[in-house]
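Understanding the architecture of this molecule
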Amino acid sequence: MKVHTRFLLSALDERHFPAASSPEIAFLGRSNVGKSSLINSLAGVKIAKTSNTPGRTQAINFFEVRWPGHPKPDLLFVDLPGYGYARVPREITNRWQGFVDPYLTNRSTLALCLCLVDANVPPQKSDAQLIEFLQHVDRPLLVVATKADKVGSRLQSALEKLRQGLGADKILPFSSKSGMGRDELWKLIRMAVERSDEESGGPEAPRAAG
Ligand code: GTP
Ligand code: MG
């Protein structure tokens, strides 16, 4: 299905977040893991900036997503700055704690956290910590293993190692290069949006501030 996507705004602190209305899908992961590329792959167009330089995305970027024929946004994609990369200046990683933690903890419309990990890299402590934090604050999450096109025949064993090392129920392999996992991920996103709409009393219902 072709969705309509539009860049909404870039926020450097909580005061600049858009009013909480549509369900939000957050894209989280270490710098360079492929968050922006994954958003572009789902959107089918290049809306999020990608880069070879880790730390490219430094603000929280909100994108509106509409199903065809719908006048209002059905959901928002939220591209968050990467964490845990040694070459990203400390000033930026400190900022992460200042506004990303409050977003993850308080945002009333956050429907699903996609935790991206590189399928080619063994389980990382920073990823396990993020997953543990999200489980602790009771956020729905799905672990997505990116760059799966580069792993080759070892994919299944790499996924199983990640699943165990990160304490995840399930890991979805994905590639923004080949399109692997794209349909399955869209299905899981739609389910999370429907669940969130039901909990809030429907897509038009007002939501608690957050
Ligand atoms: P920050 O914004 O710095 O946190 O990075 P990011 O997580 O948004 O990563 P981004 O999408 O910018 O991608 C980083 C690099 O990985 C780019 O060079 C991409 O081309 C590459 N990349 C992303 N996804 C894939 C993939 O599925 N397969 C392969 N082979 N490369 C990928
Ligand atoms: Mg990015």
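Below you will find a few notes about this structure. Just so it is clear, the model here is predicted, and its values are computed rather than measured.

A few words now on helix 1 (residues 35-43). Of all 9 residues making up helix 1, 8 are buried, and the element is well covered by its neighbours. Here helix 1 has its buried residues at Lys35, Ser36, Leu38, Ile39, Asn40, Ser41, Leu42 and Ala43. Just past helix 1, the residue Gly44 takes up positive phi, approximately 80°.

Here the focus is the sheet that holds strand 7 (residues 171-173). Spatial ordering of the open sheet is given by 1-3-4-2-5-6-7, a layout of 7 strands whose pairing is mixed. Of all strands in the sheet, those with a lone pairing partner are strand 1 (4-11) and strand 7, marking the two edges. Averaged over all pairs of adjacent strands, the angle between their axes in this sheet comes to 25°, without regard to strand direction. The pairing of strand 2 (residues 24-29) with strand 5 (residues 110-118) spans 6 bridges and is classified as parallel. Along strand 5, the bridge assignment pairs Gly29 with Leu116. Relative to the sheet, helix 1 contacts strand 1, strand 2, strand 3 (60-66), strand 4 (75-79), strand 5 and strand 6 (141-146), its axis offset from that of strand 2 by approximately 145°. The sheet contacts of helix 4 (residues 155-166) involve strand 5, strand 6 and strand 7, and relative to strand 7 the element is tilted by about 150°.

Right, let's talk about helix 5 (residues 182-199) for a bit. With 18 residues, helix 5 ought to run about 26 Å at 1.5 Å a step, and its terminal C-alpha atoms sit 26 Å apart, in line with that. Along helix 5, the residues classified as buried are Leu185, Trp186, Leu188, Ile189, Ala192, Val193, Ser196 and Asp197. Directly after helix 5, the chain includes Gly201, whose backbone phi takes a positive value near 90°.

Moving on: the packing of aromatic side chains. One pass over the full model with this rule turns up 7 aromatic pairs. With a centroid separation of 5.6 Å and an interplanar angle of 90°, the aromatic rings of Phe17 and Tyr103 are classed as edge-to-face. In this pair, Phe17 is assigned in the loop between strand 1 and strand 2 and Tyr103 in helix 2 (residues 90-106), connecting sequence segments 86 residues apart. The exposure class assigned to Phe17 is buried, which follows from its relative accessible area of 12%. Through a chain of ring-to-ring contacts, the aromatic side chains of Phe27, Trp67, Phe77 and Trp186 assemble into a single cluster.

Let's shift gears to the side chain of Arg107. In this structure, Arg107 sits in the loop between helix 2 and strand 5. Within polar-contact distance, the side chain of Arg107 engages the side chain of Glu24 at 2.7 Å.

Inspection of the entire model under this criterion finds 7 salt bridges. For the salt bridge of Arg30 with Asp127, the shortest nitrogen-to-oxygen distance reads 4.0 Å. Placement of Arg30 in the loop between strand 2 and helix 1 and of Asp127 in helix 3 (residues 125-136) is noted, with a sequence separation of 97 residues between them. This pair shows no difference in class: Arg30 is buried, exactly as Asp127 is. Here Glu160 makes a salt bridge to Arg163, at a shortest N to O gap of 3.0 Å. Residue Glu160 and its partner Arg163 are located together in helix 4, separated by 3 residues, close to a single helical turn. A cluster of three or more residues bridged by salt bridges with shared partners is formed by Lys170, Glu184 and Lys187.

Right, let's get into the pairing of strand 4. In terms of burial, strand 4 is a largely internal element, 5 of the 5 residues being buried. Two strands pair when backbone bridges link them, and strand 2 and strand 4 are joined in this way by 4 bridges, in the parallel orientation. Note on strand 4: the bridge partner recorded for Phe27 is Asp79. Pairing analysis gives 5 bridges linking strand 3 to strand 4, with the strands arranged antiparallel. Following the sheet pairing, Phe63 is matched in strand 4 by Phe77.

Rules used throughout
Residues numbered from 1 in each chain as written. Chains lettered and ligands numbered in written order. Predicted model: local features only at pLDDT ≥ 70, side-chain atom pairs only at ≥ 80, totals over all residues. Heavy atoms only, no water. Buried < 20%, exposed > 50% of the residue type's maximum accessible area, 1.4 Å probe, protein only. Helix = DSSP H or I, 4+ residues; strand = E, 2+ residues; numbered from the N terminus. Pairing = 2+ DSSP bridges. Axes fitted to C-alpha atoms, helices over the stretch in contact; angles between N-to-C directions. Contact = heavy atoms within 4.5 Å. Expected span 1.5 Å × (residues − 1). Phe/Tyr/Trp six-rings, centres within 6.5 Å; stacked < 30°, edge-to-face > 60°. Polar contact = N/O pair within 3.5 Å; in protein donor to acceptor, adjacent residues only side chain to side chain. Salt bridge = Lys/Arg side-chain N within 4 Å of Asp/Glu carboxyl O.

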